[in-house]
Amino acid sequence: MAGLSCGIVGLPNVGKSTLFNALTSILAPASNYPFCTIDPNIGIVTVYDPRLRVLSEISHSNKIIDATMEFVDIAGLVEGASKGEGLGNKFLTNIRETDAIVHVVRCFDSSDIIHVAGKVDPIHDIQIINLELILADLQMAENSLGKIEKQVKTKKELIPVYELLKRIMAHLNESKPVRTMTFTHEEQELLKLYPFLTQKKVLYAANVAESDLPSMENDYVKRVREYAQAEGNSVIPICARLEEEIAQLPEQDRIPFLESLGLHQTGLQRLIKASFDMLGLIAFLTTGEIESRAWTITIGTNAVEAAGKIHTDIQKGFIRAEVVSYDDMVAYKGRVGAREMGKVRFEGRDYIMKDGDVVLFMHN
């Protein structure tokens, strides 16, 4: 596991807890990583990968181990969080510790479930949370600028940081998140010292009613899509109520139930995959009689770093990587067939790994 996590945020009564509860129960069975609660609000979920099932058949593997991801249920956001309202600072600290945000937005009408603002308006909901994060970032930028301002007169090397923070502050003051700015490579390096909340990528989970199935489209979802597009973010429509129902079914009944509704996979599987992609994660695969397994790495990881995911000894003694693409593994029914057809490549330390590479590491 790459140790990357998504924080699930949302206003009260938008379906956030329903979604988190479904996430953490549906993915528990049939896995070497059963869902476990590290804290009351952290869930480890499996990233279901159908490729492993195919490789397992070819290799006659004894077990399958999917990649995993961490989801954090971030509780208690109310208007005024940046000033310490509700769980205020704890809420902001919890978000700061995650790598990206899944923002659950209510996109359904219901007389049974009262909306905190008295009416359903997904854009207004998004803006409440965004504003709290912007205000928290403004506070951090102000504090940091205050410290640097005193030093910049004597320490000229601080001028680029000073200028960058001033530019960020001006942008935040227009109620715009940091993620909508563009930065040079040098500025991105400087930014690592300042974990701005609004710099994190956001995936909007548009929570729809069961009456919106199977298309999961409605006017609210369209508005969220337009808003997300302007920010460069994505939207996954999901029906949290349905996901909760599916989670309570025996595993063998889930697919037939989904198909009866005109759906092919659960919303949670789409949400997990989209979160995985949003964090810039890919998986390389290993397969044999013992197990077929997915290993999580970030895009741009080289072969020697990937070897270290399996074991530090493999990384230290790295000689080369024997790589076959997943498609070739399937087409030629395994590594032996792929080798006979000349489809096996021998790659060195600096080879950049691709999603679905099926690898055998040679090492001392």
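Residues numbered from 1 in each chain as written. Predicted model: local features only at pLDDT ≥ 70, side-chain atom pairs only at ≥ 80, totals over all residues. Heavy atoms only, no water.

A. The arrangement of the environment of L133 in detail. Mapped onto the elements, L133 comes out in helix α4 (residues 122-152). Put simply, L133 and Q199 are 66 residues apart on the chain and 9.8 Å apart in space, counted from C-alpha to C-alpha. (Helix = DSSP H or I, 4+ residues; strand = E, 2+ residues; numbered from the N terminus.)

B. Structural view of the sheet that holds strand β7 (residues 234-238). Within the open sheet, the six strands sit side by side as β2-β4-β1-β5-β6-β7. Their pairing is mixed. Only two strands of the sheet have a single neighbouring strand rather than two, namely β2 (42-47) and β7. With direction set aside, neighbouring strand axes in the sheet form an average angle of 30°. Here strand β6 (residues 202-207) pairs with β7 via five bridges, running parallel. Each residue of the ladder has a partner; that of A206, found in β7, is P237. Contacting β1 (5-9), β5 (100-106) and β6, α4 crosses the sheet at an angle of about 145° to β5. (Pairing = 2+ DSSP bridges. Axes fitted to C-alpha atoms, helices over the stretch in contact; angles between N-to-C directions. Contact = heavy atoms within 4.5 Å.)

C. Structural view of the packing of α4 against helix α5 (residues 159-173). Running from amino to carboxyl end, α4 crosses α5 at an angle of 150°, the nearest separation of the two axes being 9 Å. Here α4 is positioned roughly antiparallel relative to α5, judged by the angle of their axes. Pair α4 / α5 crosses with left-handed handedness. Residue-level contacts link I134, D137, L138, A141, E142, S144, L145, I148, E149 and V152 of α4 to I159, V161, Y162, L165, K166, M169, L172 and N173 of α5. Here the contact of α4 with α5 is composed, by residue class, of twelve nonpolar, two polar and four charged. (Parallel < 35°, antiparallel > 145°, perpendicular 65-115°, else oblique. Left-handed = near helix turned anticlockwise from the far one by under 90°. Nonpolar A, V, L, I, M, F, W, Y, C, P; charged D, E, K, R; others polar.)

D. A look at the pairing of β2. Along β2, six of the six residues are buried, which leaves the element largely enclosed by surrounding structure. Judged from the six bridges that link them, β2 and strand β4 (residues 67-73) form a sheet pairing that is antiparallel. Looking across to β4, one finds that V45 is bridged to M69. (Buried < 20%, exposed > 50% of the residue type's maximum accessible area, 1.4 Å probe, protein only.)

E. Structural view of the confidence of the model for the protein chain. Confidence in the prediction of the protein chain, expressed as mean pLDDT, is 88, and 88% of residues score 70 or more. Counted against residues more than four places away or in other chains, residues 26-38, with its pLDDT under 50, gives 33 contacts. (pLDDT = per-residue confidence, 0-100.)

F. Focus on unusual backbone geometry. In this structure, P214 follows L213 across a cis peptide bond, with omega equal to -5°. By the secondary structure assignment, P214 is in the loop between β6 and α7 (219-231). One non-glycine residue, N13, lies in the positive phi region at around 60°. Position of N13 among the secondary structure elements: in the loop between β1 and α1 (16-26). Positive phi, normally seen in glycine, also occurs at K333, with a value near 55°. Assignment of secondary structure puts K333 in the loop between α13 (326-331) and α14 (335-340).

G. The arrangement of the packing of aromatic side chains in detail. What the rule picks out here adds up to five aromatic pairs. Arranged with centres 6.5 Å apart and planes meeting at 25°, the rings of Y194 and F196 form a pair that is stacked. With respect to burial, Y194 and F196 carry one shared label: buried. Both rings, one in F284 and one in W295, keep their centres 6.3 Å apart while their planes meet at 15°; by these two values the pair is stacked. With F284 in strand β8 (residues 281-287) and W295 in strand β9 (residues 291-298), this pair connects stretches of sequence that are eleven residues apart. For the pair F284 and W295, a shared accessibility class is recorded, and that class is buried. Members of the aromatic cluster, connected to one another through ring pairs, are F284, W295, F318 and F361. Across from the ring centre of W295, 4.0 Å away, lies the NZ or CZ of R293, which sits over that ring. (Phe/Tyr/Trp six-rings, centres within 6.5 Å; stacked < 30°, edge-to-face > 60°. Lys NZ or Arg CZ within 6 Å of the ring centre and 35° of its normal.)

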